[in-house]
Amino acid sequence: VVRQNLSLRNVSEKTISTVELDANNLIDLKIWRYEEFKPLGNVKQGGADFQSHVDSLKAPKAVSEIKAVSKEKIIVDLGVEVSPGKEFVLRTENAVKPTSNVLEGIYYDYTLSGDYPKTMITQCQQYGFQRIVPAIDRMSAKAFFTTTIVADKRYTNLISTGDLAPGYFKIGADGAKIPVYKQEENGDSTKPERKVIKYCNHLVNMASYL
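The rules we used
- Along each chain, the written sequence defines residue order, and numbers are assigned to residues from 1.
- Reporting in this predicted model follows two pLDDT cut-offs: at least 70 for local features of residues, and 80 or more for side-chain atom pairs to be given and counted; totals over whole chains, interfaces and linings ignore these cut-offs and use all residues.
- For the side-chain quantities, the full set of heavy atoms in the structure was used; hydrogens and water were omitted.
- In plain words, nonpolar cores are sets of buried Ala, Val, Leu, Ile, Met, Phe, Trp, Tyr and Cys residues tied together by side-chain atoms within 4.5 Å.
- Accessibility here uses a 1.4 Å probe with only protein chains present; expressed as a share of the type maximum, an area under 20% marks a residue as buried, one over 50% as exposed, and anything in between as partly exposed.
- Strands here are runs of E lasting at least two residues and helices are runs of H or I lasting at least four, both read from the DSSP assignment and numbered beginning at the N terminus.
- Only heavy atoms enter the contact rule, under which two residues are in contact if any of them lie within 4.5 Å.
- Any pair of N or O atoms that falls within 3.5 Å is considered a polar contact. Within protein, one atom must be able to donate a hydrogen and the other to accept it, and sequence-neighbouring residues count only if both atoms are side-chain atoms.
- Throughout, the protein atoms alone are placed on a 1 Å grid, and a set of points is a cavity if a 1.4 Å probe fits but cannot get out or a pocket if it is open with protein on both sides within 12 Å along at least five of seven lines; lining residues have an atom within 4 Å of a point.
- Grid points are joined across faces, edges and corners, and a volume is the space filled by probe spheres set on the points.
- Under this grouping Gly is polar, as are all residues other than the nonpolar Ala, Val, Leu, Ile, Met, Phe, Trp, Tyr, Cys and Pro and the charged Asp, Glu, Lys and Arg.
- The pairing criterion for strands is at least two bridges between them, as found by DSSP.
- Angles here are taken between N-to-C directions and fall from 0 to 180 degrees, while the axes themselves are lines fitted to C-alpha atoms, restricted in helices to the stretch in contact.
- Salt bridges are defined by distance alone: a side-chain nitrogen of Lys or Arg within 4 Å of a carboxyl oxygen of Asp or Glu.
- Ring geometry is summarised as follows: Phe, Tyr and Trp rings, the Trp one being its six-membered ring, pair when their centres sit within 6.5 Å, and such pairs are stacked at plane angles under 30 degrees, edge-to-face over 60 and tilted between the two.
- Here, a charge over a ring means that NZ of Lys or CZ of Arg falls within 6 Å of the ring centre while also lying within 35 degrees of the ring normal.

K.L.:
I would appreciate a short explanation of the nonpolar core in the present structure.
P.N.:
Within the largest apolar cluster, 14 residues are counted, with the highest numbers of intra-cluster contacts made by Val19, Leu21, Val76, Leu78, Phe88 and Leu90. Going through the elements one at a time, strand S1 (2–9), strand S2 (16–22), strand S6 (73–82) and strand S7 (87–95) are the ones with two or more residues in this core. With four residues, S6 is the largest single contributor of residues to this core. Sequence-distant contacts of Val19, defined by excluding residues within four places in its chain, comprise Leu8, Ile74, Ile75, Val76, Leu78, Phe88 and Leu90.

See below:
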């Protein structure tokens, strides 16, 4: 299961009530719109406080409609009008079924024989990201990312693009950051057999295929 908070701004000159997202082969897709949140502000000038923005997300309301317009695109009816320059935040949840033959999105890679969990890899280039979550999945659309991974404790390495988030690392004797795994996600305890790690990419906005 993949969960996402997607913060967007209407950069057009017109008021909008729908948004088009790329979504390819996602299972049991659900989308909500947060009715209460603290705006991010001008992220390009470094004024954004990502953590307080996330902490402020409240009152998710199911969107009015999710309409598939093709195999790879959906139209989301926000249920409200968003004027030019205004932000809106969506919460999405969907399932993904990894395979060993489609090497896009999340897929199974080579795993050593023995009692090891299956190795899973993500491949977001060229259009693999839309196989993981609904998104604006194109090279011109860039964003800042926070990635939280919740996985079985048998996995020895949980790696993502970005830097280890504050509270999820300690400094080793050589000055390198050492991952610190936790037992909870956003304040909620996970199952005892799982662990949590978080990565932040808040300095350079990147296209989703990276």
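That shown, we press on.
K.L.:
How do you make sense of the side chain of Asp137 when you look at a structure like this?
P.N.:
Considering the arrangement of structural elements, one finds Asp137 in the loop between strand S9 (120–123) and strand S10 (142–152). Within the local environment of Asp137, its side chain forms a polar contact with the side chain of Ser208, the two groups lying 2.5 Å apart. With near-sequence residues (within four places) excluded, Asp137 lies in contact with Asp22, Gln126, Tyr127, Gly128, Phe129, Gln130, Ser208 and Tyr209.

K.L.:
Just checking my understanding: could you explain the layout of surface pockets for this structure?
P.N.:
A volume near 180 Å³ is recorded for the second largest pocket. In terms of lining, the second largest pocket is formed by Asn24, Asn25, Ile27, Val96, Lys97, Pro98, Thr99, Val102, Glu104, Ile106 and Arg131. Looking at the lining of the second largest pocket residue by residue, the class counts come to five nonpolar, three polar and three charged.

K.L.:
Would you take a moment to explain the sheet that holds strand S3 (residues 27–36) for this structure?
P.N.:
Remark on secondary structure: sheet strands pair via backbone hydrogen bonds, oriented parallel or antiparallel. Spatially, four strands are ordered S1-S7-S3-S4 in an open sheet, and the strand pairing comes out antiparallel. Looking at which strands have only one partner, the edges of the open sheet turn out to be S1 and strand S4 (58–62). Going from strand to strand, the sheet's axes swing by 30 degrees on average, the running direction of each strand aside. Alignment of S3 against S7, held across five bridges, turns out to be antiparallel. Along S7, the bridge assignment pairs Lys30 with Glu93.

K.L.:
Could you clarify how one ought to interpret the pairing of S7 in this entry?
P.N.:
Regular strands place their side chains on alternate faces of the sheet. The buried count for S7 comes to seven of nine residues, which makes it a mostly enclosed element. Direction of pairing for S1 relative to S7: antiparallel, over a ladder of eight bridges. For Arg9, the partnering residue across the bridge sits in S7 and is Glu87.

K.L.:
Before we go on, may I ask you to explain the pattern of salt bridges in this structure?
P.N.:
Oppositely charged side chains can pair when the atoms bearing their charge come close. Scanning all chains against the criterion turns up nine salt bridges. Residue Glu35 pairs with Arg33 through a salt bridge whose shortest N-O separation is 3.7 Å. For Arg33, a relative accessible area of 11% puts it in the buried group. Here Asp115 and Arg154 are joined by a salt bridge, their closest N and O atoms 3.3 Å apart. Pair noted here: Asp115 is in the loop between strand S8 (105–108) and S9 and Arg154 is in the loop between S10 and strand S11 (163–164), with a separation of 39 residues, a long-range link.

K.L.:
What's the story with the packing of aromatic side chains in this structure? I'm lost.
P.N.:
The geometry of an aromatic ring pair comes down to the distance between the two centres and the angle between the two planes. The full count for this structure, using the stated rule, is two aromatic pairs. Ring plane angle 80 degrees and centroid distance 6.0 Å describe the contact between Phe129 and Phe145, whose orientation is recorded as edge-to-face. Placement of Phe129 in the loop between S9 and S10 and of Phe145 in strand S10 is noted, with a sequence separation of 16 residues between them. By relative accessible area, which is 23% here, Phe145 ends up partly exposed. One residue, Lys177, lies across the ring of Phe169, its end atom 4.5 Å from the ring centre. Above the plane of the ring of Tyr168 lies Lys182, whose end atom (NZ or CZ) is 4.5 Å from the centre.

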